[in-house]
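Residue-level listing of the chains:
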Amino acid sequence: MTKTYIFGHKNPDTDAISSAIIMADFEQLRGNHEAKAYRLGEVGPETQYALDYFNISAPELLNDDLSDQNVILVDHNEFQQSADSIADATVQHVIDHHRIANFETAVPLYYRAEPVGCTATILYKMYKERGFEIKPEIAGLMISAIISDSLLFKSPTCTEQDVQAAEVLKTIADVDLESYGLDMLKAGASTKDKSAADILTMDAKSFNMGDYTTRIAQVNTVDIDEVFARQEELEKAMLETSADEKYDLFVLVVTDIINSDSKILVVGAEKDKVGSAFNVALENNAAFLPGVVSRKKQVVPQITEALTK
Ligand code: MN
Ligand code: MN
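Residues numbered from 1 in each chain as written. Chains lettered and ligands numbered in written order. Predicted model: local features only at pLDDT ≥ 70, side-chain atom pairs only at ≥ 80, totals over all residues. Heavy atoms only, no water.

### Looking at the coordination of the manganese ion (ligand 1)
Octahedral metal centres with six donors ideally show angles of 90 or 180 degrees, and tetrahedral centres with four donors ideally show 109.5 degrees. Surrounding the manganese ion (ligand 1) are the protein donor atoms His-9 (NE2), Asp-13 (OD), Asp-13 (OD) and Asp-75 (OD), at 2.1 to 2.8 Å. Each donor residue of the manganese ion (ligand 1) belongs to the same chain, with the gaps between them written as H-x3-D-x61-D. In this model, the manganese ion (ligand 1) sits 3.5 Å from the manganese ion (ligand 2), the two metals being bridged by Asp-75. Within this pair, whereas Asp-13 is found in the loop between β1 (4-7) and α1 (14-29), its partner Asp-75 is found in the loop between β4 (70-74) and β5 (90-96), the two being separated by 62 residues in sequence. Of the two residues examined, Asp-13 and Asp-75, each falls in the buried class. (Donors = N, O, S within 2.8 Å, 3.2 Å for Na, K, Ca; no water. Helix = DSSP H or I, 4+ residues; strand = E, 2+ residues; numbered from the N terminus. Buried < 20%, exposed > 50% of the residue type's maximum accessible area, 1.4 Å probe, protein only.)

### A short note on the coordination of the manganese ion (ligand 2)
Note on the manganese ion (ligand 2): its protein donors are Asp-15 (OD), Asp-75 (OD), His-97 (NE2) and Asp-149 (OD). The metal-donor distances range over 2.1 to 2.2 Å. Sequence positions of the donors to the manganese ion (ligand 2) reduce to the motif D-x59-D-x21-H-x51-D. In this structure Asp-75 comes out as buried when scored by relative accessible area, which is 1%.

### A short note on the UniProt feature "binding site: Mn(2+) 2" (unreviewed entry) in the chain
The UniProt feature table records "binding site: Mn(2+) 2" (unreviewed entry) at Asp-15, Asp-75, His-97 and Asp-149. Taking the farthest pair of C-alpha atoms as the criterion, the annotated set spanning 135 residues converges on one region, since that pair is 10.7 Å apart. Beyond its immediate stretch of four places on either side in the chain, Asp-75 contacts His-9, Asp-13, Asp-15, Ala-16, Ile-95, Asp-96, His-97, His-98, Thr-119 and Asp-149. You can see His-97 is positioned in the loop between β5 and β6 (110-113). Those residues in contact with His-97 that sit more than four places away from it in its chain are Asp-15, Asp-75, Glu-114, Val-116, Gly-117, Cys-118, Thr-119, Ile-122, Asp-149 and Lys-296. A polar atom in the side chain of His-97 sits 3.3 Å from the side chain of Asp-149. (UniProt positions renumbered as here; feature names shortened; annotations may be inferred. Contact = heavy atoms within 4.5 Å. Polar contact = N/O pair within 3.5 Å; in protein donor to acceptor, adjacent residues only side chain to side chain.)

### Here's the deal with the packing of α1 against helix α3 (residues 119-130)
In the contact formed by α1 and α3, the axes pass within 9 Å of each other and the chain directions differ by 15°. Put simply, α1 runs roughly parallel to α3. Crossing of α1 against α3: the hand is left-handed. Between α1 and α3, the contacting residues are Asp-15, Ser-19, Ile-22, Met-23, Asp-25, Phe-26 and Leu-29 on the first element and Thr-119, Ala-120, Leu-123, Met-126, Tyr-127 and Arg-130 on the second. Taken together, the residues of the contact of α1 with α3 sort by class into eight nonpolar, two polar and three charged. (Axes fitted to C-alpha atoms, helices over the stretch in contact; angles between N-to-C directions. Parallel < 35°, antiparallel > 145°, perpendicular 65-115°, else oblique. Left-handed = near helix turned anticlockwise from the far one by under 90°. Nonpolar A, V, L, I, M, F, W, Y, C, P; charged D, E, K, R; others polar.)

### Quick look at the side chain of Ser-155
Mapped onto the secondary structure, Ser-155 falls in the loop between α4 (136-150) and α5 (160-173). What makes Ser-155 buried here is its relative accessible area of 6%. Reaching out from Ser-155, the side chain makes a polar contact with the side chain of Thr-157 at a distance of 2.7 Å. Sequence-distant contacts of Ser-155, defined by excluding residues within four places in its chain, comprise Asp-149, Ser-150, Val-293 and Ser-294.

### Quick look at the packing of aromatic side chains
Across all of its chains, the model carries 12 aromatic pairs by this definition. Ring geometry for Tyr-49 versus Tyr-180: centroids 6.0 Å apart, planes at 40°, classification tilted. Placement of the pair is Tyr-49 in helix α2 (residues 45-53) and Tyr-180 in helix α6 (residues 177-187), with a sequence separation of 131 residues. Summarising the aromatic geometry, the rings of Tyr-127 and Phe-132 are spaced 6.3 Å apart at their centres and angled 85° between planes, so their arrangement reads as edge-to-face. With a relative accessible area of 0%, Tyr-127 lands in the buried category. Through a chain of ring-to-ring contacts, three or more aromatic side chains come together here, namely Tyr-49, Tyr-53, Phe-54 and Tyr-180. In this structure, Lys-263 is placed above the aromatic ring of Phe-228, and the distance from its NZ or CZ to the ring centre is 4.2 Å. (Phe/Tyr/Trp six-rings, centres within 6.5 Å; stacked < 30°, edge-to-face > 60°. Lys NZ or Arg CZ within 6 Å of the ring centre and 35° of its normal.)

Here it is, written out as structure tokens:
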């Protein structure tokens, strides 16, 4: 049997890492013994907390050329967020909860997209549909991914299905959702020890928006001011990266996980359009966005519209 590579997006978050591990387990249960989880980048502190808590090792970093290899994509579909050689791979299956963009395959495939809050919620449903047993550590990873993507169920991306999945899974994994969830989020929310480069790359994605390439990084914090105290250093790094990588716009979304608000920092020639996307004027390249926590629902569509109209 040929190998199946399973991985989430670059700059992996907890859902990208967890869903790759969960999907590999699902494939094993399905009889695909050559299925293996990989990651496309470093494991962040929040994800590491979850892996340690449930005693699971991180997937191997993907270094192989994927030409003509079988792959399963989880938690993404856009090729610029995927492995560098993805265009030459055979995509067999996609499990995702994002917009579908810049995605094309040469052969037919399975594609499961649902507008729920987390890829792991879709995977949970797949286990249920097959009647597969969910092991405690797999349940723990599912919970971790759901809490991470939904910011403890507070994000507008969170659906009833995500909440219900977590309610069932907490018994299997034997955790208290609130206390475990807050500890896990806090593990990933300290910005003090992070360099500007860390803050800008930990959870960053590129998007094609009309004629523009927009880089949107998000960082969770319990203190927005702690991050903005380093605004100058961050802007310098954002401008340098934009020049190197040819980003037209670079947006940093600093999200307060306790109060569920964000403050954005924007550089690029069209930065004022980002302000207009949120009906605010940027002040010193920044704007406070009350109630905004979701890049996918409350940031990407708004900026896309402002740049393409
Ligand atoms: Mn993700
Ligand atoms: Mn996700």
